[in-house]
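Next come the chains, spelled out residue by residue.
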Amino acid sequence: MNRHVLLAEDDEDLRNVLAQYLKVFDFDVTSAKDGEEALRFFENNAFDICVLDVMMPKMDGFTLAEKLIDIHPEMPFIFLTARTLKEDKIRGLKLGADDYIEKPFEADELVLRLNNIMKRHVRSSSSDRHEVLGIGSYALHPARLTLTRADEIQNLTKKEVALIQFLVANKNRVVKREDILSAVWKSSDFFSGRSMDVFISRLRKYFKDDSNISIESIRGVGLEFRVC
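Caption draft 1: Quick peek at the nonpolar core. I135, L163, I180, F207 and F225 are the most contacted members of the largest nonpolar core, which totals 28 residues. Of all elements in the fold, only β7 (138–141), α6 (158–169), α7 (177–185), α8 (190–206), β11 (213–218) and β12 (222–227) reach the threshold of two or more residues within this core. With 7 residues, α6 is the largest single contributor of residues to this core. Among all residues touching I180, those that are not within four sequence positions of it are L163, F166, L167, V175, W185, M196 and L223.

The following block contains the structure:
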């Protein structure tokens with residue numbers, strides 16, 4: 001089955017050339033001329049990987065990547081840029097970019113990098129597919145996006161699964177808010193912080209039937225996910 005790529009690039013000529021080249025190498029390509037159009041496509045289609053130009057009208061690649069991560073935290077993506085600023089590259093990598101390609105570049109270089117990323121992603125997904133995480137009297141099924149307890153099943157979003165996995169990995173110790181935001185939201189701005197508060201409230205409800213599990217707020221510091 002062909003891999004589906006979201007290609008967001010405002011240069012029409014380059015966008016068309018890359019799209020045609022990727023199709024030759026068995027990629028299905030959805031092309032967007034700006035960040036807003038790319039976000040609409042992402043919200044309504046399933047993709048395997050994204051290629052994002054940094055400098056685009058309406059919404060730049062960094063902002064777009066943040067929004068895509070909110071929707072699908074595990075989505076692999078590559079930045080394309082004509083800028084050589086070290087700060088841009090660091091920002092892109094901090095967002096979790098799998099690669100960063102400076103223009104001009106050869107189309108076959110992009111294909112090679114996409115193939116390498118997809119291979120790593122498939123291996124990672126395969127190793128985690130059957131993993132079930134025990135949490136007190138609950139069981140987290142990441143691949144199924146469910147949290148179960150006895151015969152009760154709670155459906156989860158991918159963001160909720162990512163948050164639970166992070167908290168369990170750091171259970172019984174205080175974790176700073178900024179560390180949670182950086183790991184799960186890839187951003188520490190005001191809106192991400194408010195979003196995290198909403199998600200934590202949901203998780204408290206999901207785990208409420210096991211008195212040995214609690215999520216404690218440590219004022220001025222962060223959270224502690226306690227499992228006795």
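Having seen the model, we can carry on.
Caption draft 2: Up close: the sheet that holds strand β10 (residues 174–176). With antiparallel pairing, 3 strands are arranged side by side in an open sheet as β10-β12-β11. Edge strands, defined here as strands with exactly one partner in the open sheet, are β10 and β11. Ignoring which end each strand starts from, the neighbouring axes of this sheet average 25° apart. Pairing of β10 with β12, which is carried by 3 bridges, proceeds in the antiparallel orientation.

Caption draft 3: Structural view of the pairing of β12. Within β12, 5 of the 6 residues are buried, which leaves it mostly tucked inside the rest of the structure. Relative to β12, β11 runs antiparallel, the two being bridged by 6 bridges. In the sheet register, I215 faces β12, and the bridge partner there is F225. Connecting β11 to the antiparallel partner β12 that follows it, the hairpin turn spans 3 residues, and G220 within it adopts a positive phi of roughly 80°.

Caption draft 4: Spotlight on a negative patch on the surface. Where like charges cluster on the molecular surface, the negative patch consists of D10, D11, E12 and D13. In this structure, D11 sits in the loop between β1 (3–8) and α1 (12–24).

Analysis parameters
Residues numbered from 1 in each chain as written. Predicted model: local features only at pLDDT ≥ 70, side-chain atom pairs only at ≥ 80, totals over all residues. Heavy atoms only, no water. Core = buried A, V, L, I, M, F, W, Y, C linked by side-chain atoms within 4.5 Å. Buried < 20%, exposed > 50% of the residue type's maximum accessible area, 1.4 Å probe, protein only. Helix = DSSP H or I, 4+ residues; strand = E, 2+ residues; numbered from the N terminus. Contact = heavy atoms within 4.5 Å. Pairing = 2+ DSSP bridges. Axes fitted to C-alpha atoms, helices over the stretch in contact; angles between N-to-C directions. Patch = residues over 30% accessible without salt bridge, like charges linked within 9 Å, V, L, I, M, F, W, Y side chains within 5 Å. Areas by Shrake-Rupley, 256 points an atom, 1.4 Å probe, with all protein chains shown as cover. Salt bridge = Lys/Arg side-chain N within 4 Å of Asp/Glu carboxyl O. Lys, Arg positive; Asp, Glu negative; His and termini not counted. Charge placed at Lys NZ, Arg CZ, Asp CG, Glu CD.

Nothing here speaks to function; it is all geometry.
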